[in-house]
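Fold and geometry: a report
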Amino acid sequence: MPHIVLASKSPRRHELLRRMGITDFSVVIPDVEETYPEGLAPQEIVAHIARLKSDAAAPLVGPEDILITADTMVFLENDRLGKPRDEADALRMLTELAGNRHTVCTGVTVRQGGRAEAFTVSTDVYFRPCTEEELRAYIATGEPMDKAGAYGVQSLGALLVERIDGDFYNVMGLPVEKLGQCLTKHFGVRFF
């Protein structure tokens, strides 16, 4: 198998690659400004940023290495919810999400030398209605502060989620099934 390089500092993405059976991979952190043109749809935004990351990381890897970049964002309607600035911002986001559906979109670019494949995955997440007291208690755990949308579905944030329509792992930050299919079909990676 060619060497795989993940251009992400996200511990969740590292964990998901390991769950896929990819245990011997390198990590690079490209210096990229995550900007995008006005007027893009959510799926277009994450695809654009994943490409920017791939372009920035490509000079950091060998020509035979398989480079994986991803960008995940949380959208309530078409409004992007990033990482909260502080506890008040986390409360604002979680209050907006409570009792509503939102969408988690991930764009992925997989590159080897001059060849690249890109895709996006969207997953709908439904939060149960929550009281302000519950949300403040969750925020007090500290978990929401480094996560887009102010929650972590893989941890305590799961207690706020009523249901998920789509790829659970996409909500964690890496659509495992689609990535596995891409690696197998286009790059010859075999998992089993």
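Data block above holds the structure.
Report follows, based on the coordinates.

Looking only at helices and strands, the protein has six helices and seven strands in total. Ordered by position from N to C terminus, the α and β elements of the protein give β-α-β-α-β-β-α-β-β-α-β-α-α. Its C-alpha radius of gyration of 17 Å places the protein within 12% of the 16 Å reference for a compact globule of 192 residues. Projected onto its principal axes, the C-alpha positions of the protein cover 50 × 40 × 25 Å. Burial analysis of the protein (192 residues in total) assigns 48% to the buried set. Partitioning the intrachain contacts of the protein with sequence separation of at least 6 by distance along the chain shows that 65% fall at a separation of at least 24. Summed over all atoms, the accessible surface of the protein reaches about 9,500 Å², with 48% contributed by carbon and sulfur.

Attention shifts here to the environment of A57. Structurally, the position occupied by A57 is in helix α2 (residues 42-57). Classification of A57 by relative accessible area gives buried; the value is 0%. The sequence separation of A57 and D124 amounts to 67 residues, and the corresponding C-alpha distance is 30 Å. Discounting residues that sit within four places of it in the chain, A57 has contacts with A7, V28, P30 and L67.

What follows deals with the pattern of salt bridges. In this structure the tally under the stated criterion is 12 salt bridges. Of the charged contacts, one joins K53 and E34 as a salt bridge, the two residues approaching to 3.7 Å between their closest N and O atoms. With K53 in helix α2 and E34 in the loop between β2 (25-27) and α2, the pair connects residues that are 19 residues apart, well separated along the chain. For K53, a relative accessible area of 9% gives the class buried. What makes E34 partly exposed here is its relative accessible area of 39%. In this structure, E96 engages R92 in a salt bridge whose closest nitrogen and oxygen atoms are separated by 3.3 Å.

Looking now at the packing of helix α3 (residues 87-97) against helix α4 (residues 132-140). Closest axis-to-axis distance for the α3/α4 pair is 10 Å, and the angle between their directions is 135 degrees. The angle between α3 and α4 places the two elements in the oblique class. α3 and α4 meet at a crossing whose hand is right-handed. Judged by residue contacts, E87, A90, L91, L94 and T95 of α3 engage E132, L135, R136, Y138 and I139 from α4.

Now for the nonpolar core. Membership of the largest hydrophobic core comes to 44 residues, with the highest contact counts inside it found for L17, I68, L94, V110, Y151, L179 and L183. In this structure, L179 is in contact with L17, M20, I68, V108, V110, F119 and L174, ignoring residues within four places of it in sequence.

Considered for burial, the residues of α3 that qualify are D89, A90, L91, M93, L94 and L97. Its buried side turned inward, α3 meets β3 (66-76), β4 (79-81), β5 (101-112), β6 (115-127) and α4. Looking one or two residues beyond α3, the residue adopting positive phi is G99, at roughly 75 degrees.

In terms of residue burial, β3 counts as a mostly covered element, since 11 of its 11 residues are buried. By the alternation rule, side chains of β3 split into I66, I68, A70, T72, V74 and L76 and L67, T69, D71, M73 and F75, which are all buried. Both strand β1 (residues 4-6) and β3 contribute to a ladder of three bridges, which runs parallel. Within β3, the position partnered with I4 by the bridge is I66. Relative to β5, β3 runs antiparallel, the two being bridged by nine bridges. Directly across from T69, in β5, lies its bridge partner T109. For β3 and β4, the ladder comprises three bridges, and the chain directions are antiparallel. For F75, the partnering residue across the bridge sits in β4 and is R80. Linkage of β3 to β4, two consecutive antiparallel strands, is achieved through a turn of two residues, within which E77 is found at a positive phi near 60 degrees.

Cut-offs applied
Residues numbered from 1 in each chain as written. Predicted model: local features only at pLDDT ≥ 70, side-chain atom pairs only at ≥ 80, totals over all residues. Heavy atoms only, no water. Helix = DSSP H or I, 4+ residues; strand = E, 2+ residues; numbered from the N terminus. Rg over C-alpha atoms; globule rule 2.2 N^0.38 Å. Buried < 20%, exposed > 50% of the residue type's maximum accessible area, 1.4 Å probe, protein only. Contact = heavy atoms within 4.5 Å. Areas by Shrake-Rupley, 256 points an atom, 1.4 Å probe, with all protein chains shown as cover. Salt bridge = Lys/Arg side-chain N within 4 Å of Asp/Glu carboxyl O. Axes fitted to C-alpha atoms, helices over the stretch in contact; angles between N-to-C directions. Parallel < 35°, antiparallel > 145°, perpendicular 65-115°, else oblique. Left-handed = near helix turned anticlockwise from the far one by under 90°. Core = buried A, V, L, I, M, F, W, Y, C linked by side-chain atoms within 4.5 Å. Pairing = 2+ DSSP bridges.

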